Amino acid sequence: MLSLEADRQALLVRVRSGDRRAIARVLTYLDDGAAGSRETAELLASHAGHALVVGITGVPGGGKSTLVNALLGVWLARDLRVAVIAVDPSSPVTGGAVLGDRIRMGEHGAHPNCFIRSLSARGQSGGLSRTARAAVDCFDAAGFDRIIVETVGAGQSETAIASLADTRVVVCPPGLGDGVQAIKAGILEIADVLAVSKGDLPLAEETARDLREMLTLRKALGEDAWAPRVMVVSGAQSKGVSELVAAIEEHAAGAGTGRRLAVKSKATARDASSADRRSADAEHWLALMSSWVQRDGLCSTFGISVTEGGPGRAVVRMTVDRRHMNFNGGCHGGAIFALADTAFGLASNSHGALATGIDAHVTFQVGIRAGETLVARATELSRGHRIGMYRVDVARVEADGRETAVSSFTGTVYIKHRLEEKSGPQA
Ligand SMILES: Nc1nc2c(ncn2[C@@H]2O[C@H](COP(=O)(O)OP(=O)(O)O)[C@@H](O)[C@H]2O)c(=O)[nH]1
Ligand SMILES: [Mg+2]
């Protein structure tokens, strides 16, 4: 329905004027992944850049939605326009969590300056983070001042979605005690603010102390590891909520908003460079990454080769044979992981700085047999002073050249040495 450029432009004008029906229509259309949705997403992104995007991540039942409701209360009272995107990859729209969220945020749902939207998991995780990105850009283009993205911090796509946010709040319910370690390193690493939720409960202060201690330990390990702020909040009793708002806004003022758009525009600028320059660059990266792979024991054991490279990205390949088989006669999951991890390692080390993996999530969609060829493509989702986030899509190459999705992988790296920005890595 939006295949015509004129339709798209007309709808964009309505979205930018804040027309709720137009926004709802675009969101449904993006969520469906209908033809032309990529072009629409790009158009929306080109009009975005005003909003402060806040990611709220944490375990299910941790109190995220209740906290989102409290944040809505504060920002709406300041006459700001606030959008909420609730993403739960584990539950369909009609399922418990998202329905519960609607009720928990229902207090403000009818406010004219508020728009709450749940995103379904119609596609795979990659599809979901793309849709979430497009939804954020849509609300941003529509002039919303604050966009809150609530994600469940247990799935494989949450780091990808969290990387859209300017400021990330990780919600930790109280009473984790020693179980604080249960908070995945990757999730902790993405936190700009750690909010101990349900602050009215007795163990909240103790949990906050545990978290502060844990962060101090981390800081002692790395020479200048950055530490998030730890705060105790209660969404239900509005305790600590205005302090949380102040911390979010302070962080965003320092870090800058719209960083997700910068990643994209750098890519666009690269695309615009001349064809000659591109092919010389491509050769340079291919040779460089191939030399890394040749020095890698696992890559030679598994027959992994590089087919493309660039700053923050890499494409690798492997044909499955006896070496990769498990005892059930299928391709070993570890071999697929190794392929994805290789692409991740190449992409994350392509900036002339040493990056080591600290967290990775992988999903497997289909089984693989001997004789099949797999390709893994790594792309950079975000990269800061210390933390980089990457996504790797693994696909099976079919006889006709088409590809079937096999596995999706998200990984986080800790950047150990930061060298001056330059176009290529240290040779
Ligand atoms: N005591 C207390 N309970 C809370 C608070 N916030 C949320 N809860 C409860 O925790 C449960 C999960 O809350 P919800 O906001 O849906 O968590 P989410 O799954 O992380 O979005 C619900 O039963 C809430 O009533 C709080 O500040 N104090
Ligand atoms: Mg929730």
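Residues numbered from 1 in each chain as written. Chains lettered and ligands numbered in written order. Predicted model: local features only at pLDDT ≥ 70, side-chain atom pairs only at ≥ 80, totals over all residues. Heavy atoms only, no water.

## Re the overall build of the protein
Thought 1: Counting its regular elements, the protein contains 15 helices and 13 strands.
Thought 2: Residue burial in the protein is summarised as follows: out of 427 residues, 51% are buried.
Thought 3: For the protein, the accessible surface area stands at approximately 19,100 Å², while carbon and sulfur atoms represent 53% of it. (Helix = DSSP H or I, 4+ residues; strand = E, 2+ residues; numbered from the N terminus. Buried < 20%, exposed > 50% of the residue type's maximum accessible area, 1.4 Å probe, protein only. Areas by Shrake-Rupley, 256 points an atom, 1.4 Å probe, with all protein chains shown as cover.)

## Some thoughts on the side chain of threonine 40
Thought 1: Residue position: threonine 40 is located in helix α3 (residues 37-45).
Thought 2: A polar contact is formed between the side chain of threonine 40 and the side chain of arginine 8, at a distance of 3.4 Å. (Polar contact = N/O pair within 3.5 Å; in protein donor to acceptor, adjacent residues only side chain to side chain.)

## Description of the packing of helix α4 (residues 64-77) against helix α11 (residues 241-255)
Axes are the key here: two packed helices are described by the angle between their axes and the distance separating the axes.
Thought 1: Viewed as axis vectors pointing N to C, α4 and α11 meet at an angle of 80°, and their least axial separation amounts to 10 Å. Classified by the angle between their axes, α4 and α11 sit roughly perpendicular to one another. Here Leu67, Ala70, Leu71, Val74 and Trp75 of α4 come into contact with α11, specifically with Val241, Leu244, Val245, Ile248 and Glu249.
Thought 2: Here the contact of α4 with α11 is built from residues that sort into 9 nonpolar, no polar and 1 charged. (Axes fitted to C-alpha atoms, helices over the stretch in contact; angles between N-to-C directions. Parallel < 35°, antiparallel > 145°, perpendicular 65-115°, else oblique. Contact = heavy atoms within 4.5 Å. Nonpolar A, V, L, I, M, F, W, Y, C, P; charged D, E, K, R; others polar.)

## A short note on the confidence of the model for the protein
Thought 1: Taken as a whole, the protein shows an average pLDDT of 82; of its residues, 79% reach a score of 70 or greater.
Thought 2: Residue range residues 92-97 is modelled with pLDDT below 50. Its contacts to residues more than four positions away, or to other chains, number 7 contacts.
Thought 3: This stretch, residues 419-427, has a pLDDT under 50; its non-local contacts, to residues over four places away or in other chains, come to 18 contacts. (pLDDT = per-residue confidence, 0-100.)

## Here's the deal with the sheet that holds strand β4 (residues 146-152)
Thought 1: Pairing is parallel in the open sheet, where 7 strands are placed in the order β3-β2-β4-β1-β5-β6-β7. Edge positions in the open sheet fall to β3 (114-119) and β7 (229-232), since each of these has one partner strand only. Put simply, the sheet's adjacent strands are angled 20° from each other on average, direction ignored.
Thought 2: Relative to β4, strand β1 (residues 52-58) is paired through 7 bridges, and the arrangement is parallel. Each bridged residue has a counterpart across the sheet, and for valine 53 the counterpart in β4 is isoleucine 147. (Pairing = 2+ DSSP bridges.)

## Details of empty space enclosed by the protein
Thought 1: Going through the model one piece at a time under the given rule, you end up with 2 cavities of 30 Å³ or more.
Thought 2: Here the second largest cavity defines a volume of roughly 30 Å³.
Thought 3: Residue lining of the second largest cavity: Gly55, Thr57, Val149, Thr151, Ile161, Ala162, Leu164 and Ala165, and that is the complete set.
Thought 4: Of all the secondary-structure elements, those providing two or more residues to the lining of the second largest cavity are β1, β4 and α8 (158-162).
Thought 5: When the residues that make up the lining of the second largest cavity are grouped by side-chain class, the tally is 5 nonpolar, 3 polar and no charged. (1 Å grid on protein atoms, 1.4 Å probe; cavity = no way out; pocket = protein on both sides within 12 Å on 5 of 7 lines; lining within 4 Å. Points joined across faces, edges and corners; volume = space filled by probe spheres on them.)

## A look at the packing of helix α2 (residues 20-32) against α3
Thought 1: Between α2 and α3, the shortest axis-to-axis distance is 9 Å and the interhelical angle comes to 130°. In terms of orientation, α2 and α3 fall into the oblique class. For the pair α2 and α3, the crossing hand works out as left-handed. Residue-level inspection shows Val26, Tyr29 and Leu30 of α2 in contact with α3, the latter providing Ser37, Thr40, Ala41 and Leu44.
Thought 2: Per-class residue counts for the contact of α2 with α3 are 5 nonpolar, 2 polar and no charged. (Left-handed = near helix turned anticlockwise from the far one by under 90°.)

## Quick word on the sheet that holds strand β8 (residues 305-310)
Thought 1: Here 6 strands make up an open sheet; going across it, the order is β8-β9-β11-β12-β13-β10 and the pairing antiparallel. A single partner strand is all that each edge strand has here, and the edge strands are β8 and β10 (355-364). Sheet twist, expressed as the mean angle between neighbouring strand axes with direction ignored, is 20°.
Thought 2: When strand β9 (residues 313-319) meets strand β11 (residues 373-383), the two strands line up antiparallel, connected through 6 bridges. Bridging across to β11, valine 316 finds its partner in alanine 376.
Thought 3: Packed on one face of the sheet, helix α15 (residues 333-348) meets β8, β9, β10, β11, β12 (387-397) and β13 (403-415) and runs near 155° to β9.

## A word on the pairing of β3
Regular strands place side chains that alternate from one sheet face to the opposite one.
Thought 1: Counting buried positions along β3 yields 5 of 6 residues, so the element is predominantly enclosed.
Thought 2: Bridge count for strand β2 (residues 82-87) against β3 is 6 bridges, and the pairing is parallel. Within β3, the residue paired with alanine 83 across the bridge is phenylalanine 115.

## A word on unusual backbone geometry
Thought 1: Look at aspartate 79: it is not a glycine, yet its phi comes out positive at around 65°.
Thought 2: Among the secondary structure elements, aspartate 79 is positioned in the loop between α4 and β2.
Thought 3: Taking relative accessible area as the criterion, aspartate 79 reaches 63% and is therefore assigned exposed.
Thought 4: Of note, the phi angle at serine 238 is positive, near 50°, even though the residue is not glycine.

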